[in-house]
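Structural description and commentary
Chain by chain, the residues run as shown.
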Amino acid sequence: MIKTYLENKIPENSNAWVFNILLLFQMGFYNLMFEHLFTKYINSKPLIISGLAVFSIVYVYELFFHNPDKIFDYNSITDTVLSVILVLYSLYYYYLLIKDERYVLLQYSADFWWVTGTLFFYFGSIACTLFYEVLKSEPVSSKIYISYISNLLIVILYSCWSYSFICKKWLPQTSKA
Amino acid sequence: MLELFIYLQKMAATDIKSLIIITTLIFLIAPVFILIYILVYNQRKKRHIEEKEQLRSAFNQELLKTQIEVQEQTLTNISREIHDNITQVLSFVKLNLGMIDEGNEEIKAKINESRELVAQTINDLRYLSKSMSFEHIVQLGFVKTLEMETGRINNSGLINILLNIEGNAYPLGEERELVLFRIFQEVLNNTLKHSGAKYLKINLQYSDELFNLTLEDDGKGFSNKDVNDISGSGLRNMENRAALIGAVAIINSSPGKGCCVTVTLNPFKQQLYIDGNHPDSLS
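If you're wondering where the values come from, they're calculated on a predicted model, not measured in any experiment.

Chain B puts 24 residues into the contact, and the matching count from chain A is 29 residues. Of the roughly 2400 Å² buried between chain B and chain A on both sides combined, carbon and sulfur atoms contribute 81%. Interface area lost by chain B to chain A is led by Ile 20, Phe 27 and Ile 38 of chain B, which between them contribute 23%. Applying the counting rule to chain B against chain A returns zero salt bridges. A breakdown of the residues in the side of chain B that touches chain A according to their chemical character gives 17 nonpolar, four polar and three charged.

What follows is the structure in structure tokens.
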């Protein structure tokens, strides 16, 4: 989604509408995941519903009242709000993890590494999404560093997630052994 | 003018580029510190939990040792009371009965019968007193005490006890032998009260690195669900006592198949387990 402004197309032909719809799926997916993670410690429904409500309000406002070209303009403010919400969720998960009396071996905890990947990615991408409006008007050649940042964050995200999936698959087998 | 505008635009772009790169770096370094903090905190939590567990185990072990000491002291006191008071009084009663010389043959026969009953009671009380007194058990040793006890029970006709000793018997230590004897008494008590068994087999296996005590009866057996609180706590007490001396007590029973209690001990392992449970213990 960071790469939308690398395309530098005129609004009517822009592909921003794909990423705008993708934002909804992103928010749904991350909410489901964090709801599953938080349920082990607290009743997570109020928190998740609050996050969804804030996201929805900002999304609708930006789509219908802020964007001059409606769905053909990327909802960068919503993206920033999504990033902030997910960072806060991640930090809250860490807080619940250390507050809990049970000891968890973090090196092999699938939940921990999934949240770590999410935190690094969204915390790191906040700077890029925050300056979207300014970067949109610049030529592609001058903002190639954005793609380097984007690639670095994606590598971090998927490395952590891959390790998380390995832990998830690995642990039940070692416990059976 | 146009050149100035382009120059200003380039400056702005460079500034924004620097700003974005620095901000991204800061926003990547911050989670690293958070991660390090969480890993360190987790390690401290693990150490704290381990220490708490050690303290709880040490406490449980001390509690168990104190309970056993109190029990032994109580039994010793009762043993002394029986020996010093009751048997003395009964001996006096027996003497008095012996001094009665009047009456017909029938009365004399009844008096003699009463004397024999009192004599038998005095003997039984002496055995009881000795079996309760840990000084006596320690003096004679485990094997000898066991032989005396089995002889007494066999003479009473309550149950047939078959004692088998394999290998050369060697001392296991006062505390261990006392605990093993108490386990035997608990098993015998349960067998006589609940099992309806005709035979109780006692097997002592002495080898270089292991001592094994097996107590097996041919009674009606029990399942874990049938065990009530009282008899269940007796079984748990056996396991706890065994664990205290570094032994493992395993109780196997099922309805209709009797009960088998096995106590295994490595006599050269001095360590008492801090949590009161041997790693292989059922509980």
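Structure shown, so let's carry the discussion forward.
Residue and element names in this part refer to chain B. Among the seven residues in strand S5 (residues 259-265), six count as buried, and that is most of the element. Sheet analysis places strand S4 (residues 247-253) next to S5, joined by seven bridges and oriented antiparallel. By the bridge assignment, Ile 251 is partnered in S5 with Val 261.

Take the sheet that holds strand S2 (residues 199-206) of chain B next. All names here are of chain B. The five strands are arranged S1-S2-S3-S5-S4 in an open sheet whose pairing can be described as mixed. With partners counted over all chains shown, the strands left at the sheet margins are strand S1 (160-166) and S4, one partner each. In this sheet, adjacent strand axes meet at a mean angle of 10° when their direction is disregarded. Sheet topology note: the strand S3 (residues 211-217)/S5 ladder contains seven bridges and is antiparallel. For Glu 216, the partnering residue across the bridge sits in S5 and is Cys 260. Sitting on the sheet, helix H4 (residues 142-156) touches S1, S2 and S3, and the angle it makes with S1 is about 160°. Lying on the sheet, helix H5 (residues 174-195) is in contact with S1, S2, S3 and S5; it crosses S3 at an angle near 10°.

Take helix H4 (residues 76-99) of chain A next. Over its 24 residues, H4 of chain A runs 34 Å from end to end, which matches the ideal 34 Å to within 8%, given 1.5 Å per residue. Most of H4 of chain A is tucked away, with 17 of its 24 residues classed as buried.

Attention now goes to the packing of aromatic side chains. Residue and element names in this part refer to chain A. Taken as a whole, this structure holds 29 aromatic pairs over all chains when the rule is applied. Look at Trp 113 and Tyr 163: their rings are 5.5 Å apart centre to centre, the planes differ by 85°, and that puts the pair in the edge-to-face class. Taken together, the residues span a long stretch of sequence, with Trp 113 in helix H5 (residues 110-130) and Tyr 163 in helix H7 (residues 144-176) at a distance of 50 residues. A relative accessible area of 27% means that Tyr 163 is categorised as partly exposed. Through pairs of rings, three or more aromatic residues link up here, namely Phe 29, Tyr 30, Phe 34, Phe 38, Tyr 89, Tyr 92, Tyr 95, Trp 114, Phe 121, Tyr 122, Tyr 158 and Trp 161.

This paragraph deals with the pattern of salt bridges. Within this structure, the stated rule accounts for seven salt bridges over all chains. Here Asp 111 of chain A ties to Lys 40 of chain A by a salt bridge, and the two come within 2.3 Å at their closest N and O atoms. Taken together, the positions of Asp 111 of chain A in helix H5 and Lys 40 of chain A in the loop between helix H2 (16-39) and helix H3 (45-66) put the pair 71 residues apart, joining distant regions of the chain. For Asp 111 of chain A, a relative accessible area of 16% translates into the label buried. A salt bridge links Arg 152 of chain B to Glu 149 of chain B, with the shortest nitrogen-to-oxygen separation between them at 3.0 Å. Residue Arg 152 of chain B and its partner Glu 149 of chain B are both found in helix H4; the two are separated by three residues, about one turn of the helix. Counted as one network, the salt bridges with shared partners bring together Glu 72, Arg 182 and Arg 241 of chain B.

Rules and cut-offs
Residues numbered from 1 in each chain as written. Chains lettered and ligands numbered in written order. Predicted model: local features only at pLDDT ≥ 70, side-chain atom pairs only at ≥ 80, totals over all residues. Heavy atoms only, no water. Contact = heavy atoms within 4.5 Å. Buried area = accessible area lost by both parts, 1.4 Å probe. Salt bridge = Lys/Arg side-chain N within 4 Å of Asp/Glu carboxyl O. Nonpolar A, V, L, I, M, F, W, Y, C, P; charged D, E, K, R; others polar. Buried < 20%, exposed > 50% of the residue type's maximum accessible area, 1.4 Å probe, protein only. Helix = DSSP H or I, 4+ residues; strand = E, 2+ residues; numbered from the N terminus. Pairing = 2+ DSSP bridges. Axes fitted to C-alpha atoms, helices over the stretch in contact; angles between N-to-C directions. Expected span 1.5 Å × (residues − 1). Phe/Tyr/Trp six-rings, centres within 6.5 Å; stacked < 30°, edge-to-face > 60°.

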